[in-house]
Amino acid sequence: MREKYFIKQLATFLVPLLIPIILLGSLSMFSTQRDIKSDINQNSSFLLQQSKTQLEMILNELDTLYLALYDNADIFNELSAVLKNPSYTYESSNTNRIISSFLNAFTSSKPYIQSFYLYVDNPYNRFLSSVDGLVTLDHFYDTDWYGQFSRYEGPPAKWTARRELRFYSFETNPTAVVTFYNVLVPRKTAIILNIRPKYIESLLNDITRYPAQQMFVLDEANQVIFSNGRGELPQQSDIREIADQPEAFFDMDTPEGKVNVTKVESERYKWKYISVIPHSELYKTPSRILSYTLVFVGISVVCGFLLTFVLIRRNYKQLKMIRMMIKAADDSHMPLKPPARVKDEYSLIVQNMITHFIEHRYIRTQLLEKKYRLQVMELLALQSQINPHFLYNTLHSVYWESVALTGRPNKASEMIEDLSDILSYSFSNPTETVTWETELGNTISYVNIQKKRYRDKFDVIYEYDEVLARLYTFKLVLQPLLENSIYHGIKEKEGGGLIKVKFVRKGERLSLSVIDNGVGMTAQRLREVRERLDLGEERTEHLGLYNTNKRLKLTYDRAYSLTIKSKHGFGTKVELIVPCIWNEAALSGRERLDVS
C-alpha cells in the first residue's frame, strides 16, 4: 500500500517535469543532426569540387605538353630523329638542348611536377627526360613506367597509376609518384607526367574540416591515388561499394562504424573525389546535447525523488490518520477523538470528518429503526395487493358458468374451489415463508382458473425436481409472473398459446424462468419496461411484475436478478435468479439483516 502510493505520487511529480526535458532534448538533437548533415554534405561537395578543379588544372598541363611536343610536327620529327639516330649531329644536339631547356623550365615552375618523359619507339631504348635530358632505359633509375607502357596493346589511351621510385639503389624509403600516361599506340609514342602526390595531398589536408575526415581520389580503376593521410583508408571492398553508389550523398556501415560519404565524379577523367566522415565525429554536437539531456534528466529525477519522498512521507502520515478515523467511524464501539488543534489542511479535514461521523451515527440509528418499520409495512401492503380486475372477471366468469351448468358439480364449482385456495393462501399470514413447492401449488390453482376462464386457450408446462420441497421463499412470487404472461402475452395472441415454467438449481442459486409464446414486445417497449423496473416506477401496466421486483429487492437487495427478454411476434421470457434458502429461519434472518 505504502509503496504503491509512493510510486503513484512519484510519477505524478516527475512525469510532467521529465516530459518537456526529454522532448526538448530529442527535438534539439534531431534538428541539429539533420541540419549538420545537410551542411556537411554541401560543404564536402564544395570542397571536393575545389579539389577536382585544381587537379584537372594540373592534368591540363599534360595537354599543354602534348600540344607543344606531339601536335607540332617539326618538333616531334626532330625529337624522333634525335631518339632514333645512332649518333648526334650538330643540329640534333641543338634541338635536344632547346627542348630539354623547355622541359626543365616547365617542370621547375610547377612544384607538383616531379618529372616528364617523352618516348618514341627506337632501337636504342632512348627517351627524353626533364631530369637528365636524353637517357636510355638501362642507365636510368625509373624504368617501371616503360613496362606498363610496353604491355599495353589497345587503342590510344590515357590512364593513371600510383608508383614508388628509388633514385638510388641504397634508398630504403621510396618516393611515391602519380604517373599520367598518354599513349599513342599507332606511332608507339608515350608522354609520361610524374606528379608529386604530397603536394596534392597537402591541398586535400588543408581543406579538411574534421580531424577524422578522410578525403581521397580514385582513378578510373577505383584505386586510391591521392589522400589526405588522416587515418587508415577504407578497405578495398568498402571503396568499391562507395564507387558503385549512384548517389552523391549517402551513409554507409563500415567495420569501424557508420560514416557519411560525399562523392563528386569527373566526367572527363573518370576520377572520383570522395569525402568520408565518421558519424561519431560528425554528430559530436548532437551527442553532447543528448549527454546534457541525460544529465539534466538524472538531476531532475534525483531532486524530484527527494522532494517527492519528503512530501509523500508527510502526506502519507496524514492520510493514514484519516484512514484510521474512517475505520473508527465504521466501528460503532470505537470512540472518535478529534485532533488537539488545527495545524494544516489535513487536521482540518479530520476535524470536519469526525464531526460529520458523530452526526451520522445519531441520524443512522434513527433511520435504521424507521427503515425497518417501513419495510415490514411495505411487505404487508405489497402482499395484500390483489388485482381487483382479476377478482371481478373471475366472479363474472363463475356466474355465467353457474347459469350454464346447474344442478351438479361443474366448472364453476371448480373455479370457486381454486379461488378460495388462492384467497386463503394470500390473506393468511402474508409474512409467512413457504417452500417453493407450496408456492408452485398456489400458482397451479391460479392457472386452473385462468384456463377455464379463457376456455383452454393456453397450456402450461412445469419443469422442476424435488429440491423445491426443501427450498423456501416468501409468498406470491411465481403467480405475478404467470399473470404477466397471460394478460400481456397469451391474451392478445390469436390461437392457442403455451407457457413453460422451469426451475433450475445452479449451485447455491435458483433460476426460475417463465417463458411464453405470446405476442411479445417491441424493442422500444421492452426498453421502457426495463427502465421502469430499474427506476422503481409504480405507474406501470405490469403491476404484478413491479410488485414482485420491489419485494425481491427489499428481501434480497443485490443478491437477486430479474431479467426480461422479448421479441415481438415470438414471445417473452422472464428469468428470476435468487439465493437458495434451505430453511425458514435463514430467510427470516436474511430479512432482518437486510433491513438493519
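Source: prediction; values computed, not measured.

1. Thoughts on the overall build of the protein chain
- Across its full length, the protein chain holds 16 helices and 18 strands.
- Counting the 596 residues in the protein chain, one finds 42% classified as buried.
- In the protein chain, 64% of the contacts between residues at least 6 apart in sequence involve partners at least 24 apart.
- With an accessible surface of roughly 33800 Å², the protein chain has 55% of that area assigned to carbon and sulfur atoms.

2. Points about the confidence of the model for the protein chain
- Averaged over every residue, the pLDDT of the protein chain is 77; the share at 70 or more is 74%.
- The low-confidence segment residues 591-596 (pLDDT under 50) makes 10 contacts with residues lying over four places distant or belonging to another chain.

3. A look at unusual backbone geometry
- Here the phi dihedral of N125 falls at roughly 55°; this positive angle occurs in a residue that is not glycine.
- Relative to the assigned elements, N125 resides in the loop between β1 (113-120) and β2 (126-129).
- We classify N125 as partly exposed; its relative accessible area is 33%.
- Positioned with a positive phi, L476 is a non-glycine residue whose angle comes to about 60°.
- Following the sequence through the fold, L476 ends up in the loop between β14 (472-474) and α13 (479-490).

4. A closer look at the sheet that holds strand β7 (residues 214-218)
- Strands sit in the order β8-β7-β11-β10-β9 across an open sheet of five strands; the sheet is antiparallel. The open sheet has two free edges, formed respectively by β8 (224-227) and β9 (249-254), since each of these has just one partner strand. Taking each pair of neighbouring strands and ignoring which way they run, the sheet shows an average axis angle of 30°.
- Each of β7 and β8 is contacted by helix α5 (residues 197-207), which is oriented at about 55° to β8, the strand it contacts most.

5. Details of the pairing of β9
- Here β9 shows one buried face, formed by F250, M252 and T254, and one open face, formed by F249, D251 and D253.
- The pairing of β9 with strand β10 (residues 257-265) spans six bridges and is antiparallel. The partner of D253 across the bridge, within β10, is K258.
- Between β9 and β10, which pair antiparallel one after the other, the connecting turn spans two residues.

6. Points about the side chain of N442
- Mapped onto the fold, N442 is located in helix α12 (residues 436-453).
- Discounting chain neighbours no more than four positions away, the residues touching N442 are D421, I422, Y425, L476 and Q479.

7. Some remarks on the packing of aromatic side chains
- Applying the stated rule across the entire model yields 19 aromatic pairs.
- On the basis of an interplanar angle of 45° and a centroid distance of 5.5 Å, the ring pair of Y112 and Y199 is categorised as tilted. One end of the pair, Y112, is in the loop between α3 (90-108) and β1; the other, Y199, is in helix α5, with 87 residues separating them in the sequence.
- Accessibility expressed as a relative area gives 10% for Y112, which makes it buried.
- Geometrically, the ring pair formed by Y152 and W159 is tilted, given 5.0 Å between the ring centres and 45° between the ring planes.
- Take W159: its relative accessible area is 16%, and that puts it in the buried class.
- Connected via pairs of aromatic rings, a cluster forms that spans Y117, Y119, F127, F140, Y141, W145, Y146, F149 and F167.
- Taking the ring centre of Y124 as reference, the NZ or CZ of R126 above it sits at 4.5 Å.

8. As for the nonpolar core
- Residues W436, F503 and Y556 are the most contacted members of the largest nonpolar core, which totals 49 residues.
- Residues in contact with W436, not counting those within four places in the same chain, are L468, L471, Y472, T473, V477, F503, L510, L512 and V578.
- Among the nonpolar cores identified, the runner-up in size contains 30 residues, and L48, L55, I207 and V264 belong to it.

9. Points about a nonpolar patch on the surface
- Together, V302, F305, L306, F309 and V310 make up an exposed nonpolar region whose accessible area comes to about 470 Å².
- Mapped onto the elements, V302 comes out in helix α8 (residues 284-330).

10. Side note on the sheet that holds strand β18 (residues 571-579)
- Strand order in the open sheet formed by five strands is β13-β15-β16-β18-β17, with mixed pairing between adjacent strands. Unpaired on one side and paired on the other, β13 (458-463) and β17 (561-567) mark the two borders of the sheet. Looking at each pair of strands side by side, their axes are set apart by 10° on average, direction ignored.
- In this sheet, β18 lies alongside β17 in antiparallel orientation, the contact comprising seven bridges. Bridging from a neighbouring strand, K565 pairs with K573 of β18.

11. Let's talk about the environment of L137
- On the secondary structure map, L137 appears in the loop between β3 (133-136) and α4 (144-151).
- Note on L137: relative accessible area 11%, which makes it buried.
- Along the backbone, L137 and Y124 are 13 residues apart, and their C-alpha atoms lie at a distance of 8.8 Å.
- For L137, the residues in contact, after removing those within four places along its chain, are N125, F127, T143, W145 and Y146.

12. Focus: α5
- Among the residues of α5, P197, I200, E201, L204 and I207 are the ones counted as buried. Down the axis of α5, the buried set is contained in an arc of 125°. They therefore lie on one face. In this structure, α5 carries K198 and D206 as exposed residues pointing more than 90 degrees from its buried face.

Calculation criteria
- Residues numbered from 1 in each chain as written.
- Predicted model: local features only at pLDDT ≥ 70, side-chain atom pairs only at ≥ 80, totals over all residues.
- Heavy atoms only, no water.
- Helix = DSSP H or I, 4+ residues; strand = E, 2+ residues; numbered from the N terminus.
- Buried < 20%, exposed > 50% of the residue type's maximum accessible area, 1.4 Å probe, protein only.
- Contact = heavy atoms within 4.5 Å.
- Areas by Shrake-Rupley, 256 points an atom, 1.4 Å probe, with all protein chains shown as cover.
- pLDDT = per-residue confidence, 0-100.
- Pairing = 2+ DSSP bridges.
- Axes fitted to C-alpha atoms, helices over the stretch in contact; angles between N-to-C directions.
- Phe/Tyr/Trp six-rings, centres within 6.5 Å; stacked < 30°, edge-to-face > 60°.
- Lys NZ or Arg CZ within 6 Å of the ring centre and 35° of its normal.
- Core = buried A, V, L, I, M, F, W, Y, C linked by side-chain atoms within 4.5 Å.
- Patch = residues over 30% accessible without salt bridge, like charges linked within 9 Å, V, L, I, M, F, W, Y side chains within 5 Å.
- Salt bridge = Lys/Arg side-chain N within 4 Å of Asp/Glu carboxyl O.
- Arc of directions from axis to C-beta.

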